[in-house]
Amino acid sequence: MRFGINTFLFTSPFTNKSTALFPQFKKWGFQTVEIPVEDISHIDPAHVKAELDKHGLVCGSVCACMGPDRDLRGTPAQQKTGYDYMVKLLDQMVVLGCPSMIGPVYSAVGRADAVPAQEYKQQWKTVVGHLKMLSREAQKRGVQICMEPLNRFETDFMNTCDQGLKMIADVGSPALKLHLDTFHMNIEEKNQAKAIRKAGKALGHFHACGSDRGTPGNDHIDWKPIAAALKSIGYKGDVVIESFTTDVKVIARAAAIWRQMEPTRDEIAVKGLKFLKRTLK
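Residues numbered from 1 in each chain as written. Predicted model: local features only at pLDDT ≥ 70, side-chain atom pairs only at ≥ 80, totals over all residues. Heavy atoms only, no water.

Participant: How do you make sense of the sheet that holds strand 4 (residues 100–103) when you look at a structure like this?
Facilitator: Here eight strands make up a closed barrel; going around it, the order is 1-2-3-4-5-6-7-8 and the pairing parallel. Across the sheet, the mean angle from the axis of one strand to that of its neighbour is 30°, orientation sign disregarded. In this sheet, strand 7 (residues 203–207) lies alongside strand 6 (residues 176–181) in parallel orientation, the contact comprising four bridges. Directly across from His179, in strand 7, lies its bridge partner His205. (Pairing = 2+ DSSP bridges. Helix = DSSP H or I, 4+ residues; strand = E, 2+ residues; numbered from the N terminus. Axes fitted to C-alpha atoms, helices over the stretch in contact; angles between N-to-C directions.)

Participant: Got a minute to help me understand unusual backbone geometry in this structure?
Facilitator: With the exception of glycine, most residues fall at negative phi, and the peptide bonds are largely trans. Residue Pro13 is bonded to the preceding Ser12 through a cis peptide linkage, with omega at 0°. Here Pro13 is to be found in the loop between strand 1 (2–6) and helix 1 (22–28). Even without a glycine there, the phi angle at Arg213 is positive, about 75°. Summarising the element assignment, Arg213 is placed in the loop between strand 7 and helix 8 (223–232).

Participant: Sorry, what's going on with the pairing of strand 8 (residues 238–241) here?
Facilitator: The side chains of a regular strand alternate between both faces of the sheet. Burial of the side chains of strand 8 extends over both faces: Asp238 and Val240 are buried on one face and Val239 and Ile241 on the other. Alignment of strand 1 against strand 8, held across four bridges, turns out to be parallel. Its bridge partner lying in strand 8, Phe3 is registered against Val239. Sheet topology places strand 7 next to strand 8; two bridges connect them, and they run parallel. Looking at the pairing, His207 lines up with Val240 of strand 8. Since strand 7 and strand 8 lie parallel, the crossover through helix 8 that links them has a hand, and here it is right-handed. (Buried < 20%, exposed > 50% of the residue type's maximum accessible area, 1.4 Å probe, protein only. Right-handed = clockwise from strand over helix to strand, strands pointing away.)

Here is the structure:
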């Protein structure tokens, strides 16, 4: 199990210049960096990989940033834009030496509008088709896609572990895994530990966030059963802190962060990592 940090806590968009964050991440004790690639043109993956190597870090995951024009259940144009973007992201992952694309790869974040059951069924079928092709592309490159259920305010398409497992079964590819996040599970799951156990070997990535999207451990989540569940399924993937603050204005607005939840974002990283190392190891 490796511990990582998502760069949205400190910057948006991540560019080549953002690699200046790496020495501090290493000093704090993180092993992996999770990079949201908002646009393929924002980074030279070879440069980023060289900077990671220089500081003894790895890119454990890249986050697919699914804006309104990237939607595998949207208009034909949105479907194509989203699919093409993720294929290019898979190519960047190879150069970065990154094993996992993570996030809500199925649809645009923020699209939460209930549709009739028949329409939802058709959307599901459309997404299955795209993810079958995308998973084949991932498999060719020796990487995996970890699909994240989001809470009901961010999507109406996939909210729970059960829905994620159904999609994985329908796609039927070893390259498609599940990505669970304690913030979203705190809203959508009856019991986080049970959801983790149900995911089992399908769990490919894990976000550890406070119940208010602040510091893990400085919240009301019951972390001991979560730690026991991860241990029981033999989880050996990355555990990444994905928290947001009002310091990064674009992401704060996108994630509805309207107040300063912790004294500093550095504190989220430092205290969060200390808590996770103590609790999960």
